[in-house]
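Architecture and fold: a report
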Amino acid sequence: MKTKKIVVASSGASGANLGLKILELMPKEIEKHFILTKSAEVVLDKEMGVTLHEHDNIAASISSGSFGVDAMIIAPCSMNTLAKIACGIADNLVTRCASVMIKEHKKLILAPREMPFSAIALENMHKLATLGVIIAPPVMAYYSQQQTLDEMENFVIGKWFDLLGIENSLYKRWES
């Protein structure tokens, strides 16, 4: 069986720790690749005290369609990154990989965290959604009765895993 390859990227919106938690919770048998924008590095440093490496290597293996990435999630996704992807700008590894996902008709999930959404952001999201990109902001649901921030994050990540086709039991599912 082929090993699933998934790219996780975090751009500069608050909540960059969600990208790290996705990696932490993702099953070991998945080949994981991680990209951070400069802005996300700053946010991680401010919010978590983590310093990470450059993301400007657009010649990285994951930037080629022939490498065979199965899916990509950008969580959180800044409005700047979302707008660049919507306009076809591939000027860094995150936007280049997203561009490849679109051209290869592979699953691309964007998790915009900023709110409220401006009309421009909604227009960009609509454009991307019509191309098959999944727009999945980190939105809580109350039926699973999360009590802690960790449980809330697990709920959101569990929903993203569902979209990526990754089995999980990170949250209480709806029961009738």
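Let me sum up the structure you'll find in this document.

The rules behind each value
Residues numbered from 1 in each chain as written. Predicted model: local features only at pLDDT ≥ 70, side-chain atom pairs only at ≥ 80, totals over all residues. Heavy atoms only, no water. Core = buried A, V, L, I, M, F, W, Y, C linked by side-chain atoms within 4.5 Å. Buried < 20%, exposed > 50% of the residue type's maximum accessible area, 1.4 Å probe, protein only. Helix = DSSP H or I, 4+ residues; strand = E, 2+ residues; numbered from the N terminus. 1 Å grid on protein atoms, 1.4 Å probe; cavity = no way out; pocket = protein on both sides within 12 Å on 5 of 7 lines; lining within 4 Å. Points joined across faces, edges and corners; volume = space filled by probe spheres on them. Nonpolar A, V, L, I, M, F, W, Y, C, P; charged D, E, K, R; others polar. Pairing = 2+ DSSP bridges. Contact = heavy atoms within 4.5 Å. Axes fitted to C-alpha atoms, helices over the stretch in contact; angles between N-to-C directions. Salt bridge = Lys/Arg side-chain N within 4 Å of Asp/Glu carboxyl O.

**So, the nonpolar core**
Ranked by size, the top nonpolar core spans 24 residues in total, and within it Ile 35, Ile 62, Met 72, Ile 74, Leu 108 and Leu 110 carry the most contacts. Where this core is concerned, the elements lending two or more residues are β1 (5-10), β3 (71-77), α3 (79-87), α4 (93-103), β4 (107-112) and α5 (119-130). Examining the composition of this core, we find that five residues originate from one element, α4, more than from any other. Counting residues in each nonpolar core, the second largest holds 22 residues, with Ile 73, Phe 155, Val 156 and Phe 161 among its members.

**Focus: the layout of surface pockets**
In this structure, the largest pocket spans a volume of roughly 190 Å³. For the largest pocket, the full set of lining residues is Met 1, Lys 2, Thr 3, Lys 4, Pro 27, Glu 29, Ile 30, Gly 165, Ile 166 and Glu 167. Residues of the lining of the largest pocket, tallied by class, amount to four nonpolar, two polar and four charged. Here the second largest pocket defines a volume of roughly 160 Å³. Leu 18, Pro 138, Met 140, Leu 149 and Glu 153 are the residues nearest the centre of the second largest pocket, which is lined by ten residues in total. Sorting the residues of the lining of the second largest pocket by element identifies α1 (17-25) and α6 (149-164) as the ones contributing at least two each. By residue number, the principal contributor to the lining of the second largest pocket is α6, which donates four residues. Within the lining of the second largest pocket, the residues separate by chemical class into six nonpolar, two polar and two charged.

**Things to note about the sheet that holds strand β2 (residues 31-36)**
On the basis of which strands lie adjacent, the open sheet formed by five strands has the order β2-β1-β3-β4-β5 and parallel pairing. Edge strands, defined here as strands with exactly one partner in the open sheet, are β2 and β5 (134-135). Where β1 meets β3, four bridges bridge the pair, whose relative direction is parallel. When the bridges of β3 are listed, Ala 9 appears paired with Ile 74. In the packing of α6 onto the sheet, contacts are made with β1, β3, β4 and β5, and the angle to β4 comes to roughly 160°.

**Digging into the pattern of salt bridges**
Throughout the structure, instances matching the rule amount to six salt bridges. With a shortest N-O distance of 2.8 Å, Lys 84 and Asp 91 are connected by a salt bridge. Owing to a relative accessible area of 45%, Asp 91 belongs among the partly exposed residues under this scheme. The partner of Glu 104 in a salt bridge is Lys 103, with the nearest N and O atoms 2.6 Å apart. A relative accessible area of 47% means that Lys 103 is categorised as partly exposed.

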